[in-house]
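Observations on chain architecture
Chain residues, written in single-letter form:
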Amino acid sequence: MGDLKDKSIHLTAEKLAEEIKGMKVYKDFYKDLQRLVSSPAVQSEDFKSTLLAAMKETGMETELRNTVFHWVRSHSLQPAHAYPLKEPLAYLRKSQMQWEKRIHKSLNSMCTEIGVSLSRFRLASDRDELSDKWNELSTYDIDLTSYRPVYAPKDFLEVLLWIRSPNYRPIDGEGTWDFTQIPLKVKTLAELRSFYLELSRGECLLGVNANMPSHGQYPTIELERTALGEKVLACRHAPVAQEFLKKGAPRSLRGRLWAQVMGSEVRAADKEYFNELKQMVLQYDLMVDKLIIKDVQLTASNDDQYFVFEDVLYQVLLCFSRDTEILSVYNHSCGSPIHGVLKSRPATLENTVVYPPSGVIPFHGFTMYATPFCYLYDDPVALYLTVRAFYLRYWFRLHEVSSHQQGILSLCLLFERLLQRHEPDLWIHLKLINIQPVRIVFKWLMRSFSGYLPPEQLLYLWDIVVAYDSLEITSLLAVAILSFRKHNLFQVDNMQGIEAVLADLSSIQVLSLLQMALMPE
C-alpha cells in the first residue's frame with residue numbers, strides 16, 4: 001500500500017512539474033531560479049540545502065507553494081473519478097446541448113433581424129472614437145434600441161424546471177413545482193454546519209460587529225483583523241489568506257486578499273496582455289459588444305450603488321469577451337462555446353472559430369458578476385484579473401446545466417431541501433398558493449446575490465465563498481432570508497406580494513443571519 005502511495009505521489013509530482021512548464025509564471029520563475037543558482041548564496045558543495053535556503057529567503061519558495069496551491073485548486077474542479085465525460089448524466093448533457101442551440105439560434109436570429117454580422121473589422125472612424133473615449137465609454141454614442149438580451153435568468157429557470165431524469169416517474173398532471181425530478185446529492189444542514197465550522201460555532205466575525213472589543217491589545221476587532229491581515233499578506237501564502245477570510249476581511253485589505261487566494265495578483269505581463277485585449281476591442285466590432293453595453297446600461301447604470309463604475313465596467317467586460325484564456329473553463333465545464341465559420345470561407349475546421357473569442361455569451365444581468373469588484377480595485381487590470389478568476393472558478397457554473405455540486409441545479413436543490421425540511425410551514429404556504437419557492441430566489445442564486453444585497457454585505461458573503469471555496473452558502477442564505485421574512489410572507493398570496501416583501505434586502509445582515517441558520521438549536 002505504501003509503495004502504491006509513493007508511486008501516486010511521484011506521478012502527481014511529474015504531472016505538476018510538466019504542467020508548471022506551460023504556465024505563464026514559469027518563464028520568469030525559471031530565469032530568477034537560474035540567477036539564484038549562480039549567486040554566492042548557493043554553494044556547490046552543499047547545493048540542495050543552500051538552494052532551498054536561498055529560495056526561502058528570496059520568497060521563491062512561497063511563490064512555488066502558491067503555484068502548487070492554485071494548480072491543486074484548478075484540478076479539484078475535475079471529478080474525483082477519471083470519467084471520460086465532463087458531465088456524467090446523459091439527460092443533463094442533452095439539456096445543455098439543447099440550451100446552447102437555443103442561445104445560438106437566438107443570437108443568429110437577432111443578427112438577421114437587425115441586419116448586422118457577428119463580427120467585423122471596426123471602421124477607422126469608429127476605432128478612433130472608441131480609443132479617444134476609452135476612459136469615458138459612457139459617452140460613446142451608439143444606437144442599441146434594436147438589441148435585446150439573448151436570455152434572462154427566468155428563461156434559464158424554465159429550461160431547468162422541465163428537465164426530467166429518465167428514472168423519474170411523474171404523477172399524472174404533475175407540473176413543474178420543484179426539482180424532485182432531478183435526483184442529485186446535496187448537503188444536509190448538519191453537513192453544512194460541519195463544513196462552515198467557524199460560522200456554526202458562533203465565533204466572532206468581522207462582518208457581525210466591527211466595533212466589538214478585541215480580546216487582545218487592539219480596541220476593536222476591526223483593528224485587530226486589519227493588523228493580522230497585513231501580516232497574512234506579508235507572508236504571501238495563499239492558503240493562509242484563504243483561512244484568514246473565514247472570519248471576514250477588512251475593507252482595506254479585501255482586494256489584495258482575494259487576489260492572493262485566487263492567484264490574480266498583477267504582473268507586468270498581465271498589463272501587457274490587458275492592453276492587447278484592448279487593441280482587439282478597438283480592431284474588431286463584435287455583435288456581443290452591443291449586448292454587453294446594453295446590459296451595463298440596463299443593470300449597473302440603473303443601480304444607485306454601481307452607476308459610478310459604468311466606464312470601467314465597459315472596459316473590463318469588452319476585454320473579457322476577447323480573452324481566449326477564458327476558453328480554459330471548457331476543460332471542466334459541461335458546456336461548449338459557440339462556433340462559427342469565417343465569412344466567405346468554406347466550412348472547414350481551419351475556417352471555424354469560437355464566438356466570441358472568450359466563448360461566453362452575455363445574458364441579462366451578466367454585468368453584475370463584475371460590479372462588486374469595482375469597490376475593491378482602482379486599477380482596471382487588477383479588477384479584470386480578479387473578475388476573470390472568479391468567473392473561471394465559480395460564475396460559469398451558474399448559467400450551465402450540470403450535476404456538479406457547485407452548479408446552479410445543485411444550488412436550487414439544496415435551497416429547496418433546506419426550506420422544505422427546516423421551514424415546512426412556509427413550504428406548505430407556498431404550495432397552497434401555487435408559487436414555486438425556487439422562482440422567488442433563482443435570480444439571487446444565478447447572480448450570487450449581486451445587485452440584491454448592499455455591496456458591503458455582498459462582499460462579506462463573497463468572503464465566505466472564497467474562504468470555503470463553495471457557492472453552497474448562497475442557497476443557505478436564500479433560505480435564511482425567507483425564514484427571516486416568513487411572517488410577512490404568510491400575509492401574501494400572490495407573486496407580486498412576495499416580490500414586494502423581498503424587494504428591499506438593504507437591512508439584511510448576512511453573517512448574522514448565516515450564523516443563526518447554522519448554529520445548533
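Numbers given to residues run from 1 along each chain, matching the order in which its sequence is written. Per-residue local features are limited, in this predicted model, to residues with pLDDT of at least 70; the limit for side-chain atom pairs, both in listing and counting, is 80 or more; totals at the level of whole chains, interfaces and linings are taken over all residues. As a rule here, side-chain values cover all heavy atoms of the structure and leave hydrogens and water aside.

Turning our attention to the side chain of threonine 367. Here threonine 367 lies in the loop between strand 4 (352-355) and helix 16 (380-393). Accessibility expressed as a relative area gives 1% for threonine 367, which makes it buried. Any pair of N or O atoms that falls within 3.5 Å is considered a polar contact. Within protein, one atom must be able to donate a hydrogen and the other to accept it, and sequence-neighbouring residues count only if both atoms are side-chain atoms. Side chain to side chain, threonine 367 and aspartate 295 meet in a polar contact 2.6 Å long. When sequence neighbours within four positions are dropped, the list of residues in contact with threonine 367 reads Ile292, Asp295, Val296, Thr299, Ala300, Leu313 and Leu317. Comment: elements are numbered from the N terminus, with helices defined as DSSP H or I runs of at least four residues and strands as E runs of at least two. To sort residues, take the accessible area from a 1.4 Å probe on protein chains only and compare it with the maximum for the residue type: under 20% means buried, over 50% means exposed, and anything in between is partly exposed. In this description, contact between two residues means that some pair of their heavy atoms is separated by no more than 4.5 Å.

Turning our attention to the environment of tyrosine 273. Looking at the element boundaries, tyrosine 273 is found in helix 13 (residues 268-283). Residue class for tyrosine 273 comes out buried when judged on its relative accessible area of 16%. As a C-alpha pair, tyrosine 273 and aspartate 323 span 50 residues in sequence and 9.3 Å in three-dimensional space. Aside from chain neighbours lying at most four places away, what touches tyrosine 273 is Lys24, Asp323, Thr324, Glu325 and Arg388. Within the structure, tyrosine 273 has its side chain in polar contact with the side chain of aspartate 323 (distance 2.4 Å).

Further remarks concern the domain arrangement of the protein. Domain limits in this description derive from either an automatic procedure or a database domain assignment. Partitioning the protein into domains gives domain 1 (1-77) and domain 2 (90-153 + 266-392). Between the C-alpha centres of domain 1 and domain 2 there is a distance of 36 Å. Taken together, the four residues of domain 1 in the interface contact six residues of domain 2. Throughout, buried area stands for the accessible area (probe radius 1.4 Å) lost by two parts on being put together, summed over both. Both faces combined, the contact of domain 1 with domain 2 buries some 410 Å², and carbon together with sulfur accounts for 47% of it.

It is worth spelling out helix 14 (residues 287-298) at this point. Look at helix 14: 17 Å from first C-alpha to last across 12 residues, which is about the 16 Å you get at 1.5 Å a residue. With respect to burial, helix 14 is a largely interior element, 10 of its 12 residues being buried. Those residues of helix 14 that fall on the buried side of the exposure criterion are Met287, Val288, Asp289, Lys290, Leu291, Ile292, Ile293, Lys294, Asp295 and Val296. Residues of helix 14 that are buried sit in contact with helix 5 (90-114), strand 2 (284-286), helix 15 (310-322) and strand 4. For a helix, the expected span equals 1.5 Å multiplied by the number of residues minus one.

Here we take up the environment of valine 501. Mapped onto the elements of the fold, valine 501 is located in helix 23 (residues 495-502). Classification of valine 501 as buried rests on a relative accessible area of 17%. Expressed as a C-alpha distance, the spacing of valine 501 and leucine 482, which sit 19 residues apart in the sequence, is 9.7 Å. Here valine 501 is in contact with Arg485, Asn488, Leu489 and Val492, once residues within four sequence places are set aside.

Looking now at the nonpolar core. Most often, soluble globular proteins have nonpolar side chains that are buried together. Take the buried Ala, Val, Leu, Ile, Met, Phe, Trp, Tyr and Cys residues and link them wherever side-chain atoms come within 4.5 Å; each set so joined is a nonpolar core. Ranked by size, the top nonpolar core spans 151 residues in total, and within it Phe179, Trp258, Phe373, Trp395, Leu461 and Leu482 carry the most contacts. Not counting chain neighbours up to four residues away, the residues in contact with tryptophan 258 comprise Leu245, Ser264, Phe373, Leu376, Tyr377, Phe390, Leu459, Trp462, Asp463 and Val466. Leu36, Val42, Leu51 and Ala54 belong to the second-largest nonpolar core, a separate cluster that totals seven residues.

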